[in-house]
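Secondary and tertiary structure notes
Now for the letters of each chain:
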Amino acid sequence: MMKSVLAIDIGGTFIKYGLIHENYRISNKGKVKTPNTTTEDFLNELKSLYDSYKEEIRGIAISAPGRISEEGVMLTAGILEYLEGFNLAQELSEVCDGISVTVENDGKAAALCEATIGSGKDYPNSVALIFGTGIGGGVIINKEILRGCYLIAGEFSPLFTNYEVGNYDCFATLYSTIRVVNKAKEITHEDDLNGERMMALYREKSYSELNDYLDACFFAIAKFCYNIDCLYNPDVICIGGGISADPLFVEKIKENIDVIYEEAFVFRKPKVEVCMYQNDSNLLGAYCRFIKMKGE
């Protein structure tokens, strides 16, 4: 039996990990705190994970934030600024007995996961739109990741959604999960509100102002799906992130897509589906990238 791959998803707060076996089965899932100090501390944390499983694995597959070269160099690294310019693939391989290491951007990893085994697997072209602290994602064309000349293709967070002079709001500023939940906290005065609770209040119609606000968000996200459809014209747009675990989130986006189709000048109605693998998509996408790179 072929050895498994240690998949690692690097976040600003936690490093999630798991062993991925043939047929994309995950075992031994866990998480550790992300070091916020130095590259040495960071490497030591990853090496400790390797040491725990080195007899069972044939490689390490990583998803991480930022612009990442195909060679695994962290050109940027989100809030983990100490990793900028760091050749993560090479440095980690060197301290882990020369084992094969691949590194992929987290949004692109999620897109690759959905395109390979998830909601986009039956189509050649797909887009993943992942709602979280920002709005990440990726564009898949003929089952390959579109990267762009500066490796930012599919980075949806900084796209402008208002074209008035003097307005610099971007998509994530207005519609990322963290931004929407923070606004919901202001409306409800519930300081410990999270996305799950927010959607429950919406469903219960507990606050008319909250429902009006979220309805406007759903409409805006539906419009953005039309923009994606005109830019890339994918077969399907896969929507993910923790908040998409509530089926009502994607249902409301679809409802607004229907409304826009009847009222606006558009070519067609974009096909939208929820991401199949949710919180595991980054780990599985990193694994998909590994087996592509190794020709398995």
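Here's what I pulled together on the structure shown here. (Residues numbered from 1 in each chain as written. Predicted model: local features only at pLDDT ≥ 70, side-chain atom pairs only at ≥ 80, totals over all residues. Heavy atoms only, no water.)

Attention shifts here to the overall build of the chain. Per the secondary structure count, the chain includes 9 helices and 12 strands. In terms of C-alpha radius of gyration, the chain reaches 20 Å, essentially the compact-globule figure of 19 Å for 296 residues. Considered along the principal axes of its C-alpha atoms, the chain spans approximately 60 × 40 × 40 Å. Sorting the 296 residues of the chain into buried and exposed places 50% on the buried side. Summarising the internal contacts of the chain: among those between residues at least 6 apart in sequence, 62% fall at separations of at least 24. Considering the chain, the positive charge centre built from 29 side chains and the negative charge centre built from 43 side chains are found 4 Å apart. (Helix = DSSP H or I, 4+ residues; strand = E, 2+ residues; numbered from the N terminus. Rg over C-alpha atoms; globule rule 2.2 N^0.38 Å. Buried < 20%, exposed > 50% of the residue type's maximum accessible area, 1.4 Å probe, protein only. Contact = heavy atoms within 4.5 Å. Lys, Arg positive; Asp, Glu negative; His and termini not counted. Charge placed at Lys NZ, Arg CZ, Asp CG, Glu CD.)

Another aspect to go through is the sheet that holds strand β9 (residues 135–141). Reading across the sheet, the 5 strands line up as β10-β9-β8-β11-β12 and stay open at both edges, with mixed pairing between neighbours. A single partner strand is all that each edge strand has here, and the edge strands are β10 (144–145) and β12 (272–274). Taken together, the 3 bridges between strand β11 (residues 236–240) and β12 define a ladder with parallel strand orientation. Among the inter-strand pairings, I237 is bridged to a residue of β12, identified as V272. (Pairing = 2+ DSSP bridges.)

Another point: the pairing of strand β8 (residues 126–131). Of all the 6 residues making up β8, 6 are buried; the element is thus mostly covered by neighbouring parts of the structure. Where burial is concerned, the two faces of β8 agree: the one with S126, A128 and I130 and the one with V127, L129 and F131 are both buried. The antiparallel pairing of β8 with β9 creates a hairpin that spans 3 residues between the two strands. With 5 bridges connecting them, β8 and β11 associate as parallel partners. Note on β11: the bridge partner recorded for I130 is G240.

For the pair helix α5 (residues 177–188) and helix α7 (residues 208–232), the least separation of the axes is 10 Å and the interaxial angle reads 160°. The orientation of α5 relative to α7 falls into the category roughly antiparallel. Regarding α5 and α7, the two cross each other, and that crossing is right-handed. Seen from α5, the contacting residues are R179, V180, K183, A184, I187 and T188; seen from α7, they are E209, L210, Y213, L214 and C217. Here the residues of the contact of α5 with α7 are counted per class, giving 7 nonpolar, 1 polar and 3 charged. (Axes fitted to C-alpha atoms, helices over the stretch in contact; angles between N-to-C directions. Parallel < 35°, antiparallel > 145°, perpendicular 65-115°, else oblique. Left-handed = near helix turned anticlockwise from the far one by under 90°. Nonpolar A, V, L, I, M, F, W, Y, C, P; charged D, E, K, R; others polar.)

Assignment of secondary structure puts S281 in helix α9 (residues 281–293). At a separation of 2.9 Å, a polar atom in the side chain of S281 contacts the main-chain carbonyl oxygen of Q278. Beyond its immediate stretch of four places on either side in the chain, S281 contacts A109, A110, C113 and E114. (Polar contact = N/O pair within 3.5 Å; in protein donor to acceptor, adjacent residues only side chain to side chain.)

Next up on the list: the packing of aromatic side chains. Evaluated as defined, the whole model comprises 11 aromatic pairs. Measuring from ring centre to ring centre gives 5.6 Å for Y24 and Y287, while their planes differ by 90°; the resulting arrangement is edge-to-face. Here the residue Y24 occupies a position in the loop between β2 (14–20) and β3 (26–33), and Y287 occupies one in helix α9, the gap between them amounting to 263 residues. Over the ring of F14 we find K33, and its NZ or CZ is 5.7 Å from the ring centre. Here R67 stacks its cationic end above the ring of Y150, 3.8 Å away from the centre of that ring. (Phe/Tyr/Trp six-rings, centres within 6.5 Å; stacked < 30°, edge-to-face > 60°. Lys NZ or Arg CZ within 6 Å of the ring centre and 35° of its normal.)

Attention now moves to the pattern of salt bridges. Side chains bearing opposite charge may pair, as long as their charged atoms lie close to each other. A full pass over the atoms with the stated rule returns 15 salt bridges. A salt bridge links E144 to K292, with the nearest nitrogen and oxygen atoms 3.3 Å apart. With E144 in strand β10 and K292 in helix α9, this pair connects stretches of sequence that are 148 residues apart. Judged by relative accessible area, K292 falls into the partly exposed class, the value being 40%. With its nearest N and O atoms 3.5 Å apart, the salt bridge here joins E273 to K254. (Salt bridge = Lys/Arg side-chain N within 4 Å of Asp/Glu carboxyl O.)

Purely geometric numbers; function is a separate question.
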